[in-house]
Amino acid sequence: MFYYVLKYVLLGPLLRLLFRPRIEGLENVPDEGAAIIAGNHLSFSDHFLMPAILRRRITFLAKAEYFTGPGLKGRLTAAFFRSVGQIPVDRSGRGAGQAAVEEGLRVLRRGELLGIYPEGTRSHDGRLYRGRVGVASMALRARVPVVPCAMVGTFELQPPGRVLPKIGRVTIRFGEPLDFSRFADQHGERTVLRAVTDEIMYTIMNLSGQEYVDLYAPDAKAAQAKARRSGDDADPAPGNAAP
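Described in the following lines is the structure provided in the data block.

The rules behind each value
Residues numbered from 1 in each chain as written. Predicted model: local features only at pLDDT ≥ 70, side-chain atom pairs only at ≥ 80, totals over all residues. Heavy atoms only, no water. Core = buried A, V, L, I, M, F, W, Y, C linked by side-chain atoms within 4.5 Å. Buried < 20%, exposed > 50% of the residue type's maximum accessible area, 1.4 Å probe, protein only. Helix = DSSP H or I, 4+ residues; strand = E, 2+ residues; numbered from the N terminus. Contact = heavy atoms within 4.5 Å. Salt bridge = Lys/Arg side-chain N within 4 Å of Asp/Glu carboxyl O.

The next subject is the nonpolar core. Among the nonpolar cores identified, the biggest contains 32 residues, and Ile36, Met138, Val146 and Ile200 are the most heavily contacted of them. Contributions of two or more residues to this core are made by strand 2 (35-39), strand 4 (87-89), helix 4 (96-109), strand 5 (113-116), helix 5 (134-142) and helix 7 (190-208). Here this core takes seven residues from helix 7, the largest share from any one element. Those residues within four positions of isoleucine 36 in sequence are excluded, and the remaining contacts are Leu108, Leu114, Ile116, Val135, Met138, Ala139, Val144, Pro145, Val146 and Val147.

On to the side chain of threonine 154. Summarising the element assignment, threonine 154 is placed in helix 6 (residues 154-157). The exposure class assigned to threonine 154 is buried, which follows from its relative accessible area of 1%. Ignoring anything within four residues of it in the chain, the contact list for threonine 154 reads Leu42, Ser43, Asp46, Leu49, Pro159 and Val170.

To continue, consider the pattern of salt bridges. Pairing between side chains becomes possible if they bear opposite charge and their charged atoms approach one another. Here the structure, examined in full by the defined rule, presents 11 salt bridges. In this structure, the salt-bridge partner of arginine 141 is glutamate 102, at a minimum N-O distance of 3.1 Å. Placement of arginine 141 in helix 5 and of glutamate 102 in helix 4 is noted, with a sequence separation of 39 residues between them. In this structure, arginine 182 engages glutamate 199 in a salt bridge whose closest nitrogen and oxygen atoms are separated by 3.9 Å. With a gap of 17 residues between them, arginine 182 in the loop between strand 8 (171-174) and helix 7 and glutamate 199 in helix 7 connect regions that are remote in the sequence. When its relative accessible area of 53% is taken as the criterion, arginine 182 is described as exposed. Each of Asp125, Arg127 and Glu211 takes part in one network of salt bridges that share partners.

What follows is the structure, encoded as structure tokens:
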């Protein structure tokens, strides 16, 4: 109930006023049945902008840190994310990836929309990074389409570290659903999962116009920090034209 109060009464109208989202390809999101919406992740605002413009409810897998913060602020943040249907995922430990996949599959088996950022974290510099294969595992095991989504402009309005976004216009672009049913019986093959994930990221890259870097975002960020400490101006994460 609170999800719809936020969407239509409290948060949704405010987001539309601040960001004036231009929406493209909304017809590519199925009106019913399970599907994965896989998008790039540039800003904290992404969590709220996409749900605000979708006709259907969408559930995101959210990092567990949003639910475990200390003090009053932490409790309020946790309550907010639970109220809008977000699922906490512990990203630490050997079984973290599989736990996230199982949580996502539960949502899909209910015939709902699942939102996921294959990069696993926000981009620290506005580029698109290598996707984790969990999105492919869920798509193949649940036999559902993947709708690629590109958020354009949110990094400029609220990059990582900025608490309040600037006022400006963003674009939310949905591509045609990707059907991977031909690989459903190969959901345990690592090479297949990698190929499916790369196809999803390639499609997101084309939708967003971002530069692609064939490294995981945390690895690239750590390499860049190390380079700065050593005084090396070279970019340790050069971009590539395609995955």
